[in-house]
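Fold and contact review
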Amino acid sequence: MSIKLKFSATVAGLILMVVISVAIAVGLRVQADLTHQVELRGGSLVKSFGDSAMNSILSGDDTALIDLASAVKVEDGVTEAYVVDGRGIYRVHTDFARLGKPATATPARAGDGVEETAESFDFRREMKIPGAKRAVGTAHVVLSRDLVSKAVRAAVLQIVLIAFVMLAIGVGGAFLLGAYTAKPILYLAGKAKSIGAGNLDEIIEIDSTDEIGVLAKTLGEMTVGLKKAQVEMLDKSRMEKE
């Protein structure tokens, strides 16, 4: 493998390692931040919904209760809004097929809080009159996890796009750097081959002070030494003949 390809492969590998590490770190950070934002938003929505729903339940206004649930349902990311009464029955639900039916195990839980699943966040708020022993019911607002997953995917996609640009620039730069580095080496290799073939009049023209310059200087000194030794051998041979 040529130096140019080695440089390119090394730089590409390093860039990919950095990009993968950054993508994982950013993805986790974005997920954590957005999850926290969703929790704050869900808590605010269910509090507002629960307080209003309790007033409607106490006044027996089921029409207002349905309107409240419908209004919450149109909020971005909300998949369900419902109220479970004190008997564990769906008093109102954005899925009208569930009205009047027993609630599932999760809605039957008491107190304020949130239940997380792989698909959603189910925020609940207990509707209880101060001083009363029994709650009027529990309000629920369900937010989809797509709010988080879509944002995480968008953030990772941006990193990947930036990575491709960085990769193209990095590989291109590494290839040029490899070509720049290989040029004097190939030049010296050609000179060494010519010297090895007996051409001791080769002139090596490299004026750099780096490792390549040291190698060129050494090769030049070696050529001078070989030529001097050759001249001495010829003189000695001529003197012996005389």
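Below, the structure is looked at part by part. Everything quoted here is computed from the prediction, not taken from an experiment. (Residues numbered from 1 in each chain as written. Predicted model: local features only at pLDDT ≥ 70, side-chain atom pairs only at ≥ 80, totals over all residues. Heavy atoms only, no water.)

1. Some words on a nonpolar patch on the surface
To keep things clear, this is the line we draw: Nonpolar side chains (Val, Leu, Ile, Met, Phe, Trp, Tyr) within 5 Å and like charges within 9 Å form the patches, drawn only from residues with over 30% relative accessible area and no salt bridge. Throughout, the Shrake-Rupley method with a 1.4 Å probe supplies accessible areas, and for residues the shown protein chains are the sole cover considered. By convention in these notes, a salt bridge is any Lys or Arg side-chain nitrogen within 4 Å of a carboxyl oxygen on Asp or Glu. Helix and strand labels come from DSSP, where a helix needs a run of H or I of at least four residues and a strand needs a run of E of at least two; each type is numbered from the N terminus. Residue burial is assigned from relative accessible area. The probe radius is 1.4 Å, only protein chains are included, and a residue is buried under 20% of its type maximum, exposed over 50%, and partly exposed in between.
A cluster of nonpolar side chains, contributed by Leu 16, Ile 20, Ile 24 and Leu 28, occupies part of the molecular surface with about 390 Å² of accessible area. Along the chain, Leu 16 turns up in helix H1 (residues 3-59). For Leu 16, a relative accessible area of 44% gives the class partly exposed.

2. Some details on the side chain of Ser 144
Rule in force here: Within 3.5 Å is the distance limit for a polar contact, defined as a pair of N or O atoms, with the added protein rule that one can donate a hydrogen and the other accept it, and that residues adjacent in sequence qualify only through two side-chain atoms. In this description, contact between two residues means that some pair of their heavy atoms is separated by no more than 4.5 Å.
Along the polypeptide, Ser 144 turns up in strand E5 (residues 137-144). The class for Ser 144 is buried, based on a relative accessible area of 12%. Here Asp 146 takes part through its backbone nitrogen, which lies 3.0 Å from a polar atom of the side chain of Ser 144. In this structure, Ser 144 is in contact with Gly 77, Thr 79, Glu 119 and Ser 120, ignoring residues within four places of it in sequence.

3. Some details on the environment of Ser 194
Note on placement: Ser 194 falls in helix H3 (residues 146-196). Beyond its immediate chain neighbours, meaning those up to four positions away, Ser 194 contacts Asn 199 and Glu 202.

4. As for the packing of aromatic side chains
Rule in force here: Centres within 6.5 Å make a pair out of two Phe, Tyr or Trp rings, where for Trp the six-membered ring is used; the pair is then stacked when the planes are under 30 degrees apart, edge-to-face when over 60, and tilted otherwise.
Tallied over the full model, the rule gives 2 aromatic pairs. Judged by centre distance (5.5 Å) and plane angle (80 degrees), the ring pair of Tyr 82 and Tyr 90 falls under edge-to-face. The same class applies to Tyr 82 as to Tyr 90, namely buried. Ring centres of Phe 121 and Phe 123 lie 6.3 Å apart, and the angle between their planes is 25 degrees; on these two criteria the pair is classed as stacked. Phe 123 matches Phe 121 in its accessibility class, with the two residues each being buried.

5. Brief notes about the nonpolar core
We apply this condition: Remark: nonpolar core denotes a set of buried residues (Ala, Val, Leu, Ile, Met, Phe, Trp, Tyr, Cys) joined through side-chain atoms within 4.5 Å.
Core analysis: the largest hydrophobic core is formed by 26 residues, its most contacted members being Phe 49, Val 83, Met 127 and Val 141. Secondary structure elements with two or more residues in this core: H1, helix H2 (62-73), strand E1 (78-85), strand E4 (120-127), E5 and H3. The element best represented in this core is H1, accounting for 9 residues. Discounting residues that sit within four places of it in the chain, Phe 49 has contacts with Leu 68, Ala 69, Val 72, Ala 81, Tyr 82, Val 83, Ala 139, His 140 and Val 141.

6. Observations concerning the pattern of salt bridges
In the structure shown here, the tally under the stated rule is 11 salt bridges. The partner of Asp 33 in a salt bridge is Arg 29, with the nearest N and O atoms 3.2 Å apart. Here Asp 33 and its partner Arg 29 are both found in helix H1, 4 residues apart, which amounts to about one turn of the helix. Owing to a relative accessible area of 56%, Arg 29 belongs among the exposed residues under this scheme. With a closest N to O distance of 3.0 Å, Asp 62 and Arg 91 form a salt bridge. Here Asp 62 is found in helix H2, whereas its partner Arg 91 is found in strand E2 (residues 90-93), with 29 residues between them in sequence. Each member of the salt-bridge network shares a partner with another, and the members are Lys 47, Asp 51, Asp 112 and Arg 125.

7. Details of H3
For clarity, the cut-off: Multiplying 1.5 Å by the residue count of a helix minus one yields the expected span of that helix. Here the bend at a residue is taken as the angle between two axes, fitted respectively to the seven residues that end there and the seven that start there.
Between the first and last C-alpha of H3 there are 71 Å, a value that for 51 residues agrees with the 75 Å anticipated at 1.5 Å per step. At Ala 182, H3 shows its maximal kink, close to 25 degrees; a proline, Pro 184, follows between one and four residues later.

8. Quick notes on the sheet that holds E4
Keep this limit in mind: Between any two strands, pairing holds if DSSP finds at least two bridges. Only C-alpha atoms enter the line fits that serve as axes; for helices the fit covers just the stretch in contact. Angles between N-to-C directions range over 0 to 180 degrees.
The 5 strands are arranged E2-E1-E5-E4-E3 in an open sheet whose pairing can be described as antiparallel. Looking at the sheet topology across the chains shown, the edges are occupied by E2 and strand E3 (113-116). Here the average twist between neighbouring strands, direction ignored, is 20 degrees. Of the strand pairs in this sheet, E3 and E4 are connected by 4 bridges, and their pairing is antiparallel. Looking at E4, one finds that Gly 113 is bridged to Arg 124. Its contacts with the sheet put H2 on E1, E2 and E5, and the angle it makes with E1 is roughly 150 degrees.

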